Amino acid sequence: MSRTAYYIGHGLRSNRGYEMRGYTHPLPKTQATVHLFSEAIPAQDNISAFALTPEVRERLRVFAANGNVEERMRAIYDDLRLNLHRIQGRFDMQVAYDLVWHSVIAFTFNGSYVRRGWTECMVIGDSGQGKTEMALALLLHYRMGERVQGEQASLAGLIGGLEKMADTWMLGWGKVPQNDKRLLVIDETQGLQAGQIEAMSDVRATGVAEITKIRTEKTNARCRLVWLANPIQGQLTSHNQGVLAIKELFKKPEDIRRLDFAITVASGDVALSEINAAHGEPGVPTYTSDACRELILWAWSRRPDQVTFTPEASAAILSAATRMGGAYSSAIPLVEPADQRIKLARLSAAAAARVYSTDATGERLIVKPEHVAFVVTYLNRIYSAPSMAYDEFSGQAKQGESLSEDEEARIKKSIDSWTNSSEAQLFFRQARIFKKSELVDSVGWDEPYTKAQLRFLTSNRLIRPTREGHVKAPVFIALLRSMHTGTRMADIPNEEEAPF
């Protein structure tokens, strides 16, 4: 229930729980019940209260990988599969959950302080693939985190809002700020409105929630997020590449870029013989609920100065970020060359925490090359999975981003041979979106000749048709600029739009 209360004092934090002591009185004007508190004791924070005793340290050793991260991760999955969630053939999905659950709050990497060390992931796939069942089982087993239904959530419920109590506007923070430094599973994300997701962009980037209305309030919202969703249109197999289903859900590139990674789970990924195999009766997990909870508390309670990247791990992250930035397209920016190294650092720290990579004291989290190698192999595996095909999408997208020297020479020769070539080049340099009729009127080509040249440009990935008209590819913009200035394309900076 909601009751009006007054506290005699100051310093209360709006997204923290307290034990209050005081008296209940009737409000003189209306006789409504109000509370008058004189003492506020912070409810004990289970993260800050975590103590790494010798007994806890001994229990956590069961998670240590001893150099083989993949083997330990599969052992954990097999144990929980048999004794907890009973979901077959979804090792990569459990790893996705674990990389979010075990991420740290902040760290220093490559000489820079990374304020946002916690991770976000999206699990998108067909209905009936175990997304929700596994998340619920892990929430119950780990006893850390919370779940909210996206279809029934409002922006005020997720971030916060004002509600009127009597004649006063009271601030109530939503689930994300309430789970500061913790984890929130947002199920049925496709039920959220696009505006709700976009309104969360700043909170996800900064870890700070702010409400600016009649009252202005600000609080920390450093919340690990797991987005669970079904495709908005059909099944994953109805998309040319499954990664396009993410773009339908998160419509703005910056919202996708906030995700550290995403994974798809499609119907048919797991053979029916494996799904319907005999499991036997579940037993007591080797990786018990108490041990898993203590490991998460250990990861969540690590201070930035307690997270160490070895020089070899830092070098491996920078090298892998360069390779992945070149291999994957930022048209869907799960991999963005500018910040992929930070995403890899976050995920590598989470992988190290999952397998209890520490020193003799047990206090420090140490990220090693084997943790980086596991994360890079994992990301490449889920991004090249048939149900996602992010690698295939990237290959097709990059075809419109560059030309070989032979292609450049051939296309330039063809353009120079056009009728009224100078007028056509001028038109294309100035036009952003154009229609065939505009090209006919401006350049003086007849309709069959115009149609043939548009076909030539489309087949060479220089333009693409849209509902509003034809749009130039970045490579065509660079080609036109090079022909105008008389330089090679390789000597021209790659910009999105020509300055003509």
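To be clear, the structure that these remarks concern was listed above.
Every chain's residues receive numbers from 1 upward, in the order its sequence appears when written. Local features in this predicted model are restricted to residues whose pLDDT is 70 or higher, and side-chain atom pairs enter the listing and the counts only when it is 80 or higher, whereas totals over whole chains, interfaces and linings include all residues. To get the side-chain values, all heavy atoms of the structure are used, and hydrogens and water are removed first.

A. Local environment of the environment of H371. Starting at the N terminus, helices and strands are each numbered in turn, a helix being any DSSP run of H or I of at least four residues and a strand any DSSP run of E of at least two. The residue H371 is located in helix α15 (residues 369-383) in this model. In sequence terms H371 and A409 are 38 residues apart; their C-alpha atoms lie 45 Å from each other. Residues in contact with H371, not counting those within four places in the same chain, are V69, S348, A351, A352, V355, S357 and I366. Residue contacts are counted whenever heavy atoms from the two residues lie within 4.5 Å of one another.

B. Summary view of a nonpolar patch on the surface. Here, patches come from residues exposed beyond 30% relative accessible area and free of salt bridges, joined within 9 Å for like charges and within 5 Å for nonpolar side chains (Val, Leu, Ile, Met, Phe, Trp, Tyr). For the accessible areas, the method is Shrake-Rupley and the probe is 1.4 Å, while residue cover comes only from the protein chains on display. Any Lys or Arg side-chain nitrogen located within 4 Å of an Asp or Glu carboxyl oxygen qualifies as a salt bridge. Nonpolar side chains collect at one region of the surface, where Y6, I8 and L36 lie side by side and expose about 310 Å² of accessible area between them. With respect to the helices and strands, I8 occurs in the loop between β1 (4-7) and β2 (18-26).

C. Focus on the sheet that holds strand β6 (residues 120-125). Pairing in this open sheet of five strands is parallel, and the strands run β7-β10-β13-β6-β14 from one edge to the other. For this open sheet the edge positions go to β7 (146-149) and β14 (261-265), each flanked by a neighbour on one side alone. Each neighbouring strand pair of the sheet contributes to a mean axis angle of 15°, computed without reference to strand direction. The criterion for strand pairing is that DSSP finds at least two bridges linking the strands in question. Across four bridges, β7 lies against strand β10 (residues 183-187) in parallel orientation. Bridging across to β10, R147 finds its partner in V185. To obtain each axis, a line is fitted to C-alpha atoms, and for helices this fit is confined to the stretch in contact; angles are then taken between N-to-C directions over 0 to 180 degrees.

D. Spotlight on the pattern of salt bridges. According to the stated counting rule, one finds 21 salt bridges in the structure shown. Measuring nitrogen to oxygen at the nearest pair gives 2.7 Å for the salt bridge that ties R346 to D260. Within this pair, whereas R346 is found in helix α14 (residues 340-354), its partner D260 is found in the loop between α10 (253-257) and β14, the two being separated by 86 residues in sequence. Accessibility assignment for this pair places R346 and D260 in one class, buried. Connected via shared salt-bridge partners are R116, D260 and R346. With a 1.4 Å probe rolled over the protein chains alone, any residue whose accessible area is under 20% of its type maximum counts as buried; one over 50% counts as exposed, and the rest are partly exposed.

E. Summary view of the sheet that holds strand β19 (residues 470-472). With respect to topology, three strands assemble into an open sheet ordered β17-β19-β18, the strand pairing being antiparallel. Pairing within the sheet leaves two strands with one partner each, and these edge strands are β17 (433-434) and β18 (463-465). Both β18 and β19 contribute to a ladder of three bridges, which runs antiparallel. Paired with P465 across the two strands is H470, which belongs to β19.

F. Molecular detail of the state of the cysteines. When the sulfur atoms of two cysteines come within 2.5 Å, that pair is taken as a disulfide. By the definition in use, this model includes zero disulfides. Counting only cysteine sulfurs, C223 is the nearest neighbor of C121, a cysteine outside any disulfide, at a range of 12 Å. What makes C121 buried here is its relative accessible area of 0%. For C223, a relative accessible area of 3% gives the class buried.

From the geometry alone we can't say anything about function, so treat these as descriptive.
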